[in-house]
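Breakdown of the fold
Below, each chain spelled out in residue letters.
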Amino acid sequence: MKIGVIRFPGTNCDRDVAQAIELAGATPEFIWWSEEDLTDYDGIVIPGGFSYGDYLRAGAMASITPVIDGIKSLVKEEKPVLGICNGAQILGEIGLVPGVFITNEHPKFNCEWTPLKVTTNRTPFTKAFKKGDIIDIPIAHAEGRFYTDNIDLLKDQDQIVLQFAEKNPNGSMEAITGVCDESGLVCAMMPHPERAAEAILGSDDGLNFFKGFL
Amino acid sequence: MLFNIEVKISLKDGMLNPEATTIERSLELLGYTVSNVKTTDILKFQMEGEDRDEVREAVVDMCERLLCNPVIHNYKITVIPQDYACGCSDCE
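Residues numbered from 1 in each chain as written. Chains lettered and ligands numbered in written order. Predicted model: local features only at pLDDT ≥ 70, side-chain atom pairs only at ≥ 80, totals over all residues. Heavy atoms only, no water.

1. Brief notes about the interface of chain A and chain B
Our working definition: Contacts were defined at the residue level, with two residues in contact if any of their heavy atoms lie within 4.5 Å. Once two parts are joined, some of their accessible surface, as seen by a 1.4 Å probe, is lost; buried area is that loss totalled over both. Definition used for salt bridges: Asp or Glu carboxyl oxygen within 4 Å of a side-chain nitrogen of Lys or Arg. In protein, a polar contact requires one atom able to donate a hydrogen and another able to accept it; more generally it is a pair of N or O atoms within 3.5 Å, and residues adjacent in sequence count only if both atoms are side-chain atoms.
On the side of chain B, 12 residues touch chain A, which itself brings 15 residues to the contact. For the chain A and chain B pair, buried surface summed over both sides reaches about 1200 Å², with 68% attributable to carbon and sulfur atoms. When residues of chain A are sorted by the area they lose upon contact with chain B, Leu56(A), Arg57(A) and Arg145(A) head the list and together hold 37% of the total. Seen at the junction of chain A and chain B, the total is zero salt bridges. Counting across the chain A and chain B interface gives four residue pairs in polar contact (both at pLDDT 80 or more).

Below is the structure:
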């Protein structure tokens, strides 16, 4: 099971993600943004960071690179794709998941543990949980406020994956911090599951997200 | 023909703008009472083209594909030929 980890200039969570993929029992392989052929991979993670310095908007520049065409081809083959933090912003910019992740309500970089509610377990990444489970995973962002102009559609199609459980640290619409596409195979989340992939880190709830590739 | 292009990118009405809110609060600290602060990003560049319509069409394409996110942004495009001068200070 080979999982591609996409790297852009400014990506900085790639090695943590690779370690979490190994812990989950799969083989990570780094992929540079200029690669277009991803047919060898069984799944993709777009890790966090500040791709292209977050110039213009977070994720905007990365969303037009050649590797995105490769990701779109994999999605057509129904292979799972997980975007974390900057990766979530990129998936929103491409339009593979609904909505956008924009500047926090209080424009402050928030780095803290956040209890999350698993709103749906129909995605590969949340299948290990029960709907309504509360899990512990940290966030680390200044631009993660979820906004969509069609919240009803997301609810109707069961596309809300994660919500902040106790407080809403960035002002996201309905405390949403993880969404998926209609199929559930493409998932975007602002919290960092790779930072909660081992008990020694404070929680291993995040490891299940990577086990979802298996 | 060379054209001067200006693209103004702003958040759609009703969108929360934390940058503008922070500016408003800071002005209050200085003793000014202001309201409805808005911020706009301005991009300026030059581009060769046959005519204004062709250039504008290309810039609309740029806005839709990269410069703006249609979920949250409005944009306004100005295209002026490089040698155009109406005499106002903006054209100098």
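2. Brief notes about the nonpolar core
To keep it simple, the criterion reads: Here the nonpolar core consists of buried residues drawn from Ala, Val, Leu, Ile, Met, Phe, Trp, Tyr and Cys, with membership extended through side-chain atoms lying within 4.5 Å. Each residue is assigned to one of three classes by its accessible area relative to the maximum for its type, calculated with a 1.4 Å probe on protein chains only: buried under 20%, partly exposed between the two thresholds, exposed over 50%.
Of all hydrophobic cores here, the largest spans 61 residues; its most connected members are Ile44(A), Ile71(A), Leu82(A), Leu91(A), Phe209(A) and Phe210(A). Beyond its immediate stretch of four places on either side in the chain, Phe210(A) contacts Val17(A), Ala20(A), Ile21(A), Ala24(A), Val45(A), Leu82(A), Ile84(A), Pro193(A) and Glu194(A). One finds Ile5(B), Val7(B), Cys63(B) and Val79(B) within the second-largest nonpolar core, a separate group that totals 11 residues.

3. Focus on the confidence of the model for chain B
Formally: Confidence scores here are pLDDT values: one per residue, from the predictor, ranging 0 to 100.
On average, residues of chain B score 92 in pLDDT, and 95% of them reach the 70 mark or higher. Quick note on the complex model: pTM equals 0.93, ipTM equals 0.84.

4. Side note on the sheet that holds strand 3 (residues 73-81) of chain B
All names here are of chain B. Selection rule: Here, any two strands with at least 2 DSSP bridges between them count as paired. Only runs of H or I of at least four residues qualify as helices and only runs of E of at least two qualify as strands under DSSP, and these elements are numbered from the N terminus. To obtain an axis, a line is fitted to C-alpha atoms, over the contacting stretch when the element is a helix, and the angle between two such axes runs from 0 to 180 degrees between their N-to-C directions.
Here we have three strands laid out as an open sheet, ordered 2-1-3, and antiparallel in their pairing. Each end of this open sheet is capped by a strand with a single partner; those strands are strand 2 (40-48) and strand 3. Here the strands of the sheet are splayed against their neighbours by 20 degrees on average, with no regard to which way each runs. Here strand 1 (residues 2-11) runs beside strand 3; their pairing, made up of nine bridges, is antiparallel. Looking across to strand 3, one finds that Asn4 is bridged to Ile80. In the packing of helix 2 (residues 52-67) onto the sheet, the strands contacted are strand 1, strand 2 and strand 3, and the crossing angle to strand 3 comes to about 150 degrees.

5. Regarding the sheet that holds strand 2 (residues 27-32) of chain A
Residues and elements named next belong to chain A. The mixed open sheet is built from nine strands, whose spatial order is 2-1-3-4-11-10-9-6-7. One side of each edge strand has no neighbouring strand; the edge strands of this open sheet are strand 2 and strand 7 (134-141). Looking at each pair of strands side by side, their axes are set apart by 25 degrees on average, direction ignored. Note: strand 1 (residues 2-7) against strand 3 (residues 43-46), three bridges, orientation parallel. Looking at strand 3, one finds that Gly4 is bridged to Ile44. The sheet strands contacting helix 1 (residues 14-24) are strand 1, strand 2, strand 3 and strand 4 (81-84), and the helix crosses strand 2 at an angle near 155 degrees.

6. Details of the pattern of salt bridges
Residue and element names in this part refer to chain A. The tally for this structure, following the rule as stated, stands at 10 salt bridges over all chains. Salt-bridge contacts for Lys79 lead to Glu77; the nearest nitrogen and oxygen are separated by 3.3 Å. A residue is classified by how much of its surface remains accessible, and Glu77, at 41% relative accessible area, is partly exposed. Between Asp158 and Arg122 there is a salt bridge, with its nearest N and O atoms 3.4 Å apart. With a gap of 36 residues between them, Asp158 in the loop between helix 4 (151-156) and strand 9 (160-164) and Arg122 in the loop between strand 6 (110-118) and strand 7 connect regions that are remote in the sequence. Judged by its relative accessible area of 26%, Asp158 is partly exposed. Residue classification places Arg122 among the partly exposed residues on the basis of a relative accessible area of 32%.

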